[in-house]
Amino acid sequence: MKKNMLILLQAAMVIGMILFVHMRMDIPEEKKIAEEKMVDYITSKVDTEAMERRDSQAMKRFLSLDPSSYEYCIYWKAKDTMTADEIVIVRFKGPEQASDFAKKMETRIQDQLDVFDKYAPKQADLLRQATVETYTNYGVYIVSSEADKLQESFEKKIGIE
Amino acid sequence: MNFNNLFFIFCFLPTVILISRFMRNTKALNIFLLTASLLFYGWADVRNVILLGLSIGWNYLTGNMINTKTDRKQKQMVLAIGVLVNLGLLVAYKYTGFLWDLERIDMIVPVGLSYFTFSEITYLADIYKGRSIPCVSLLDFALYISFFGKISMGPIVPYHSMEEEINHRKLTNEDLGSGSFLFIKGLAKKVILADTMALVFKQLASNSSIFGTWIYVLSYMLQIYFDFSGYSDMAIGIGRIFGFHWEPNFRHPYLATSIQDFWRRWHISLSHWFRDYLYIPLGGNRKNHILNLVIVWFCTGLWHGANITFIVWGLYYCFWILLEHQFLSKYLKKYKILARVYALLIIFIGWIFFFSPDIGSAFQTIGHLLPTGNRAWIDTEVMYVVGSNAIWLLLAILFCTNIYQRMEQLLLYKTNDIGFSIITVAMLAVFALSVVFIISSSYQSFLYYAF
């Protein structure tokens, strides 16, 4: 077989393999939803009488999150301090932020449990059923009696079935 | 399609055997077997046949290129590129998530990837070393890589071992008979013993009593042996039916008298691969012996899976092998019984790292073997599980030894033809029992399929 033909065929095989692997690599990409639309979405889902949107100071103080390190960070917390309900949605700048976000939310849950376990067992139960979920572009933390429904609705919103 | 699948046993395999008998010559037989192999491989996902084809094409062409080079450095370069492309494919599918912590990448690893890429590396290396000449026919080379008897889970047969038989072989009735016996033996090992031990393992997964933990680990030790050696027997049996004669992949590894001995008996084709194609090229025991061993065992662990526990498992064995080299060997040769106990204990602990999801769980399980903390020695759950499976546990332990071979040899030696008939009837009974087990129990996939 001529040398050039051999090299061409080899190159074709390698390119073929790279393309094949790339096509089979399935990285689920969620829809990138703008902050305002995400805020509208959450507002439609939460009881705005019982919950309020908190600012970046609160995010740093309660969640140890620096909002400037994310595309955006939306934090809703119950107005009543005797209630554990919270919702946090962040959009990552890169997928490498996911594990750090998850760790911080787990720490938040534990901190809240240390407080509510002593005098509010129902709230403690809610915390134990909290959801912390990360996706390629998003991180979500929900403490609510409807945590599962909210998460499902969120996943539909961002295009994951 | 797996070997313990009823469709494979009663439809695919008998059909291929029957049609192969009508092939006039080796060339026709090879074309037919290649077709059957690609059908087998593409059964679960036909797209993987494309990747397999590209990989075969790459290695076939690279083998030719190595052969055309006369300059040693150029040969080395082509070999290196050839090997890197094969390893690149392996890394892309198996290790991307592990290396870059990309949890959301969903890569379904093509069946047999670890096995056929290693086979392809042996092909390139054998040509480079002059042990083999490049395969003239692409179809024959494709059969070497994709033969359904070995593509899923090995054995990793080096090209030079199969080269002659690929080109010239005959299908004989002796091979059909002995291959079928081996297949039935392997099937029984898998569906009767391995799958039963798998259920014991699952049942005791959350048991924290001391005795329960010992049985838990023991059941895994037995499961993985019968699962993989069973598969290997089936693969070698199928190979023999079609005229290929491969070395055994297991030689009663739990009878080992040292860890070095264990690795001469367990997954022999993989150990030989790492010895011949990594350890010796690195310098073996002539140069940087300890470093070479660490590299080989690191890679052995990593080959099994993208998890730190597999790496720890590999390095764990490296440690014991080094200790034996430096110090323990003379004592193990002197005290055979103690040597067996020592080897079994080390292997027993080793499996804990192998099956644990993380290092923490592994050490927790090891801790549960000892009378620490406020845990019971035994509880009703363990008594129930052991009681229900006592016969299978005892049989499994018994068949880890060479008792079957001794009984077979004794029977044939003492009684000749009658002994052969007894064995045949026994094999048919075992086959029938295996089919009953397949139909009645829930599906358990092969453990080594995952690698």
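Residues numbered from 1 in each chain as written. Chains lettered and ligands numbered in written order. Predicted model: local features only at pLDDT ≥ 70, side-chain atom pairs only at ≥ 80, totals over all residues. Heavy atoms only, no water.

Quick notes on helix H7 (residues 159-167) of chain B
Restricting attention to buried positions, one finds in H7(B) the residues B:Tyr159, B:Met162, B:Glu163, B:Glu165 and B:Ile166. Tucked into the core, H7(B) has its buried residues touching helix H2 (26-41), helix H5 (113-129) and helix H6 (138-146) of chain B. (Buried < 20%, exposed > 50% of the residue type's maximum accessible area, 1.4 Å probe, protein only. Helix = DSSP H or I, 4+ residues; strand = E, 2+ residues; numbered from the N terminus. Contact = heavy atoms within 4.5 Å.)

A few points about the domain arrangement of chain B
Residues and elements named next belong to chain B. Examined at the domain level, chain B breaks down into domain 1 (6-169) and domain 2 (175-450). With centres defined by C-alpha atoms, the gap from domain 1 to domain 2 works out at 26 Å. With 39 residues of domain 1 at the contact, the number on the domain 2 side is 37 residues. Both sides together, the interface formed by domain 1 and domain 2 hides about 3,300 Å², and carbon and sulfur atoms give 75% of it. The tally of links between domain 1 and domain 2 comes to zero salt bridges. Taken together, the links from domain 1 to domain 2 amount to 10 residue pairs in polar contact (both at pLDDT 80 or more). Among the elements that take part in the side of domain 1 that touches domain 2, helix H1 (residues 6-20) stands out by supplying eight residues, more than any other. Here the residues of the side of domain 1 that touches domain 2 are counted per class, giving 25 nonpolar, seven polar and seven charged. (Domains from an automatic or database assignment. Buried area = accessible area lost by both parts, 1.4 Å probe. Salt bridge = Lys/Arg side-chain N within 4 Å of Asp/Glu carboxyl O. Polar contact = N/O pair within 3.5 Å; in protein donor to acceptor, adjacent residues only side chain to side chain. Nonpolar A, V, L, I, M, F, W, Y, C, P; charged D, E, K, R; others polar.)

A closer look at the side chain of A:Gln10
Structurally, the position occupied by A:Gln10 is in helix H1 (residues 3-24). Not counting residues within four places of it along the chain, the set of residues in contact with A:Gln10 comprises B:Trp58, B:Leu61, B:Thr62 and B:Met65.

Things to note about the nonpolar core
Counting residues in hydrophobic clusters, the biggest one holds 150 residues, and the most contacted among them are B:Phe8, B:Phe148, B:Phe242, B:Tyr254, B:Tyr317 and B:Trp351. A per-element tally of this core places helix H9 (residues 210-241) of chain B first, with 16 residues. Counting contributing residues per domain, this core is built from domain 1 (6-169) and domain 2 (175-450) of chain B, each supplying no fewer than three. Residues A:Tyr75, A:Ala84, A:Ala130 and A:Val132 belong to the second largest nonpolar core, which totals 25 residues. (Core = buried A, V, L, I, M, F, W, Y, C linked by side-chain atoms within 4.5 Å.)

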